[in-house]
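Letter by letter, the chains look like this.
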Amino acid sequence: MRRLLLLTGLALGGLPAVAAAQTSIFSVRGIGFPAREASARSRALGGGFDMFDPFSPLNPASSASLGALTAIGTSSTEFRSYDANSVTATGLHDTRFPLIGVAGPAGSSPISFRLTAGTYADRTYDVSTTDTVMLRGQPVGVTDQIGSDGAIADIGGALAWTVSRHLAIGVGVHALTGSSQLSVSRVFGDTTYRPYALRGHQSYEGFGFDGGVMIQLTRAIQLGASVRSDRRLDISVDSLVTGSVALPTTIAGGLLLTPSKALHWTTTVTRRSWTRAAADLAGSGTVVFNTFSIGSGIELGPPESGVSNIPLRFGFRYATLPFSPNAEQPHEVGLTAGTGLLFAKNRALVNVTLERIMRSGAGVSEHVWAFTVGMRLRP
Amino acid sequence: MRGTVVRGLTAKRVRRLAVALTGAALLGCGQDVTAPGVCPEFCPPVGVQVVDSIMPTAADSTFDGYVSSYAASALELIAAPGGFGVGPSRGVIRFFALRDSLRVNAIDTVLAPIASTDSFAVQVDVLRRRADAKGIRLGIYRLPTTVDSTATYAQLEPYFQDSTLIGTIALDDTLQNGLVSTSIPASAFPGWPADSFVVAVGVAVLSPDSAWVNIGAVEAGSGAQLSLYVHQDSSGTSVPRQDSRLSGLDMFVAPPPVVPPAGVLAVGGSPSSRVLMHLDVPSAIVDSSSVVRATLLLVPSEPVIGGSQDTVAVIAHALTADFGPKSPLILVPADSIALRAGNALVGTRDTVRVDLTDVLRVWHTHPELPHTIILRATPEGATGAAVRFGTSAAPSAKLEVTYIPPYKFRG
């Protein structure tokens, strides 16, 4: 019990650090850039392990696979560049903590629990533009900066029941919260005009619930499926409700093949009905699409197999993105690789992942290098 | 042992590696997400709007007699042909009393009488001058020691004659400001011991062309200085010694300017005039918006008077309370005066633009303040230059405000 309290405290104590998993030029649109709540291990597998990862909020039944109390923390650093409408930006970088959590069995019962804090959507951007305006009959150059720093956080709790060796089911609830610091400024080329700056605090409130199942068909084949329904997200600026956006229903399925102890091949597909938000976002000129993603990866020497202390992982991911300024739906492709290292009598595991992500569509070509470090502790 | 030793790596080394990885991740916790915008596709849909608005001013009134020349920070000396709408002006300086005995040595406790007076020297601080005037000289005249702050130009004009000229200072044509001095023979003040050791001089600009010079006043710490050079007996040896005095009174006198019609709004002059102006700025601008620039436009109703080619700087003050002409001013930082003042060129009727941005911003943050300003010249009372711009009944001033309406972050 003391271990549980310690790990829970560590996990929840890290909540304020949860800011945003990713930033992208697409963060400006819609409710932000939908984040990936995934561990470093699952990221290295292209997201194909999301359905079976004990810490992935995608499936509340997945925590049933944990045999002991465990906590994880993840840090991700991205280096980004983009080309859009003859505008090129390079050298952009940021570091975030996309997923932390604690999970484990409730004593010797068949019930497992999981508490996670991750990022639902990233709201971080800092856009600088220049223009010339006519003031007092004279052209005056201006430089505008519009920024948002924050994210919509997803605080999740789940319970899983290991019904049998072949079946586990789970249910979960999600509190959507978080905030962003908004800023806007204008500096005039003619210094007789004073600079203008304004800050605001945007906060979010919503909830969702989900259910999932994991089925061990054979020793080598495992299936997973989940459904998540998120309700409306209320958005407030400086304590005044300024908007409400309908959130999508998520349907996901996964397949985990284990042809041998030393090899995992895992795939997860996800479908989200983002068009529910179309009417709410129409006023901002945002075109909304439903999204589909598929991630698949191979893991050589999984940490739980006992074959190796240094697993190797490779993955591929394709996903469409929900928000666009025009009728063209953007998408992203990712190639991933990673490894890990078990130590301290298998009680600690460090995972590292390198991702190359290419986004395109809506007139944008964005390239990202992402380096993720994850730590798993089992007291 | 598996788990504690990994192919040659000890558990200790592995732990170090884990710590290093974690540290590297944490050290990377910075961000640079500032990027050029791709608008309108990837910019927030609500931009910053800037609005220009011009509005008339409300009631105005002129009040006189704020700062007289004897209390001003400078003395304006205008040569006979050097003014526009104002006559020539003369400086009047009366020094603190000298003494008839001095210490021979600095450590002496007893004063020794002055054996003989050798000479005097007068030093003045030139602050500004008409830059393009050539061959300017400052004439030093002996004035009666009874002169005081009530003296008028007409009363003192007889003393500015060749017979009372006791010295001149030639200004180098390239000198725009700085200390200048001249030696004056002892015979110039034969009666100074009898006059209670007081010496008074007049200063006038001597120039064949249009010219003016502003010299420092004691009120600003740059007043004139009188030096006395004497010989004293030191144990049977005559030794030279020196004594100095600052001015106790300095001012300038000029013929009274033409009195403007009643109700004319005027800023400047000596004694100085101020304008009390009420501004009716909509609450939507001053309270709810962000003012990025505010300018008071003053259109002179007649050419600005003063020294030819000189300028009059007009500045606006917000008030802590509106008590009419005696309203307390919110002072302007010294380093902001030049930025906020509007300059009027003497002899022209060009629009004078006085910056009011800080005034409106103060009103924004302190809504209890009255929407009233006072316009005054700066430095005040130091010259006879003045701007006249319309009448109380028909003010010609306008307020131009550039502001950003309340910005609404998108939901």
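Residues numbered from 1 in each chain as written. Chains lettered and ligands numbered in written order. Predicted model: local features only at pLDDT ≥ 70, side-chain atom pairs only at ≥ 80, totals over all residues.

Let's talk about the overall build of chain B
Alright, step 1. Tallying secondary structure elements over chain B gives five helices and 26 strands in all.
Alright, step 2. Split into buried and exposed, the 411 residues of chain B put 40% on the buried side.
Alright, step 3. The contacts of chain B with a sequence gap of at least 6 include a subset with a gap of at least 24, amounting to 83%. (Helix = DSSP H or I, 4+ residues; strand = E, 2+ residues; numbered from the N terminus. Buried ≥ 20, exposed ≤ 12 C-beta atoms within 10 Å, placed from the backbone. Contact = placed C-beta atoms within 7 Å.)

What to know about the overall build of chain A
Alright, step 1. When its secondary structure is counted, chain A shows three helices and 21 strands.
Alright, step 2. With the C-alpha coordinates aligned to their principal axes, the bounding extent of chain A is approximately 80 × 40 × 35 Å.
Alright, step 3. Out of the 379 residues belonging to chain A, those deemed buried represent 51%.
Alright, step 4. Once local pairs closer than 6 in sequence are excluded, the contacts in chain A between residues at least 24 apart make up 64%.

Some details on the pairing of strand S13 (residues 249–260) of chain A
Residue and element names in this part refer to chain A.
Alright, step 1. Bridging between strand S10 (residues 221–230) and S13 involves nine bridges; their strand directions are antiparallel. Bridging across to S13, Ile-221 finds its partner in Leu-257.
Alright, step 2. Direction of pairing for S13 relative to strand S14 (residues 263–272): antiparallel, over a ladder of nine bridges. Bridged to Ile-251 within S14 is Arg-271.
Alright, step 3. Hairpin remark: S13 followed by S14, antiparallel, with two residues in the connecting loop. (Pairing = 2+ DSSP bridges.)

Concerning unusual backbone geometry
Alright, step 1. A cis geometry characterises the amide bond from Ser270(B) onward to Pro271(B), with omega recorded as -5°.
Alright, step 2. Cis geometry is found at the peptide bond from Thr378(B) to Pro379(B), where omega equals -5°.
Alright, step 3. Relative to the elements of secondary structure, Pro379(B) occurs in the loop between strand S24 (372–377) and strand S25 (386–391).
Alright, step 4. Positive phi outside glycine occurs at Asp238(A), with the angle close to 50°.

A look at the pairing of strand S2 (residues 70–84) of chain A
All names here are of chain A.
Alright, step 1. The element S2 is largely enclosed, with a buried count of twelve among its 15 residues.
Alright, step 2. Across four bridges, S2 lies against strand S4 (residues 99–105) in antiparallel orientation. Directly across from Ala-71, in S4, lies its bridge partner Val-102.
Alright, step 3. Bridge count between S2 and strand S21 (residues 364–377): 14 bridges; the pairing is antiparallel.

With respect to the confidence of the model for chain B
Residues and elements named next belong to chain B.
Alright, step 1. Scored by pLDDT, chain B has a mean of 87; 89% of the residues are at 70 or more.
Alright, step 2. Taken as a whole, residues 1–9 scores under 50 in pLDDT and shows 13 contacts with residues more than four places along the chain or in a different chain.
Alright, step 3. The ipTM for the predicted assembly is 0.79, set against a pTM of 0.77. (pLDDT = per-residue confidence, 0-100.)

A short note on the environment of Trp369(A)
All names here are of chain A.
Alright, step 1. For Trp-369, the position within the fold is in strand S21.
Alright, step 2. Remark: the alpha-carbon pair of Trp-369 and Thr-268, spanning 101 residues in sequence, is separated by 22 Å.
Alright, step 3. The residues contacting Trp-369, other than those within four sequence positions of it, are Glu-78, Phe-79 and Arg-356.

Overview of the nonpolar core
Alright, step 1. By size, the foremost hydrophobic cluster in this structure holds 176 residues, and its most contacted members are Leu77(B), Val205(B), Val312(B), Val314(B), Val354(B) and Val387(B).
Alright, step 2. Among the elements that take part in this core, strand S7 (residues 138–164) of chain A stands out by supplying seven residues, more than any other.
Alright, step 3. Beyond its immediate chain neighbours, meaning those up to four positions away, Val205(B) contacts Leu77(B), Ile78(B), Ala79(B), Gly82(B), Ile136(B), Leu138(B), Ala211(B), Trp212(B) and Val213(B). (Core = buried A, V, L, I, M, F, W, Y, C linked by C-beta atoms within 7 Å.)

Some thoughts on the confidence of the model for chain A
Alright, step 1. Per-residue confidence for chain A gives a mean pLDDT of 89, with 94% of residues at or over 70.
Alright, step 2. Across residues 1–22 of chain A, confidence stays below pLDDT 50; counting only partners more than four residues off in sequence or on other chains, it has 49 contacts.

Structural notes on the sheet that holds strand S19 (residues 290–298) of chain B
Paired through backbone hydrogen bonds, the strands of a sheet run either parallel or antiparallel to each other.
Residue and element names in this part refer to chain B.
Alright, step 1. The antiparallel open sheet is built from four strands, whose spatial order is S3-S26-S19-S23. At either end of the open sheet lies a strand with only one pairing partner, and these are strand S3 (51–56) and strand S23 (352–355). On average, adjacent strands in this sheet sit at an angle of 25° to one another, irrespective of strand direction.
Alright, step 2. Two elements, S3 and strand S26 (residues 398–404), share six bridges in a ladder whose sense is antiparallel. When the sheet's bridge partners are listed, Ser-53 is paired in S26 with Val-401. (Axes fitted to C-alpha atoms, helices over the stretch in contact; angles between N-to-C directions.)

Re the environment of Ala279(A)
Residue and element names in this part refer to chain A.
Alright, step 1. Note on placement: Ala-279 falls in helix H3 (residues 278–281).
Alright, step 2. Owing to 11 C-beta atoms within 10 Å, Ala-279 belongs among the exposed residues under this scheme.
Alright, step 3. Spatially, the C-alpha atoms of Ala-279 and Ala-246 are 8.8 Å apart, while their sequence positions differ by 33 residues.

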